Amino acid sequence: ADGFIILTIVSDLNWRAVARALGQPELGTDTRFVDVKARTLHWDEMHQLTCDWAASRTAEQTETEMLAAGVPAARYQTMASLLADEHLRDRGVFRTAADAAGTFTVTATPFRFDDVITPPDGASVPALGADTDAVLKEAGQPGLPGGAE
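About the cut-offs
Residues numbered from 1 in each chain as written. Predicted model: local features only at pLDDT ≥ 70, side-chain atom pairs only at ≥ 80, totals over all residues. Heavy atoms only, no water. Helix = DSSP H or I, 4+ residues; strand = E, 2+ residues; numbered from the N terminus. Rg over C-alpha atoms; globule rule 2.2 N^0.38 Å. Buried < 20%, exposed > 50% of the residue type's maximum accessible area, 1.4 Å probe, protein only. Contact = heavy atoms within 4.5 Å. Core = buried A, V, L, I, M, F, W, Y, C linked by side-chain atoms within 4.5 Å.

Draft legend 1. Quick peek at the overall build of the protein. Each helix and strand in the protein was counted, giving seven helices and five strands. Helices and strands in the protein line up, N terminus first, as β-α-α-α-α-β-α-α-β-β-β-α. Against the 2.2 N^0.38 benchmark of 15 Å for 149 residues, the protein shows a C-alpha radius of gyration of 25 Å, more extended than a compact globule. Seen through its C-alpha atoms, the protein measures out along the principal axes to roughly 75 × 30 × 30 Å. Looking at the 149 residues of the protein, the share that counts as buried comes to 20%. Considering only contacts within the protein whose residues lie at least 6 apart along the sequence, 45% involve residues at least 24 apart.

Here it is in structure tokens:
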């Protein structure tokens, strides 16, 4: 396999959908897996069944087939795949920042406020300690002796 996938089997309906996707619909009523308690007791067997089925598929194929069967499923993403995701970039999930070491990609805040100014993409990050005196003064504390280092 070329990656990892998570299946969310939280209900009996989910399990029956998995059984159909595996091509073994009889597993949907198998007493070892018929309800949450039984599946918990037979977790290793259930896990092995799904792993054996997925072993001959790519993570994308596994995800597609499980979703088509009605199983909540998703591929785990790598940082490289997330950074390359055009949709995430278009939605502003990532930004660029710069410091003394150079330019790098960071995650943006997952929420936006109308009255909050967001630094422009590519903005420089203040040097370590550059804002210490200002923050201390705002908190009503005296600045560091001799200023921030």
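Draft legend 2. Looking closely at the nonpolar core. In this structure, Trp15, Val18, Leu22, Leu27 and Met66 are the most contacted members of the largest nonpolar core, which totals 14 residues. Elements with a minimum of two residues in this core: α1 (12-21) and α3 (43-54). Considering every element that reaches this core, the biggest residue donor is α1, with five residues. Setting aside anything within four residues of it in sequence, one finds Leu22 in contact with Leu27, Leu49, Thr50, Trp53 and Met66.

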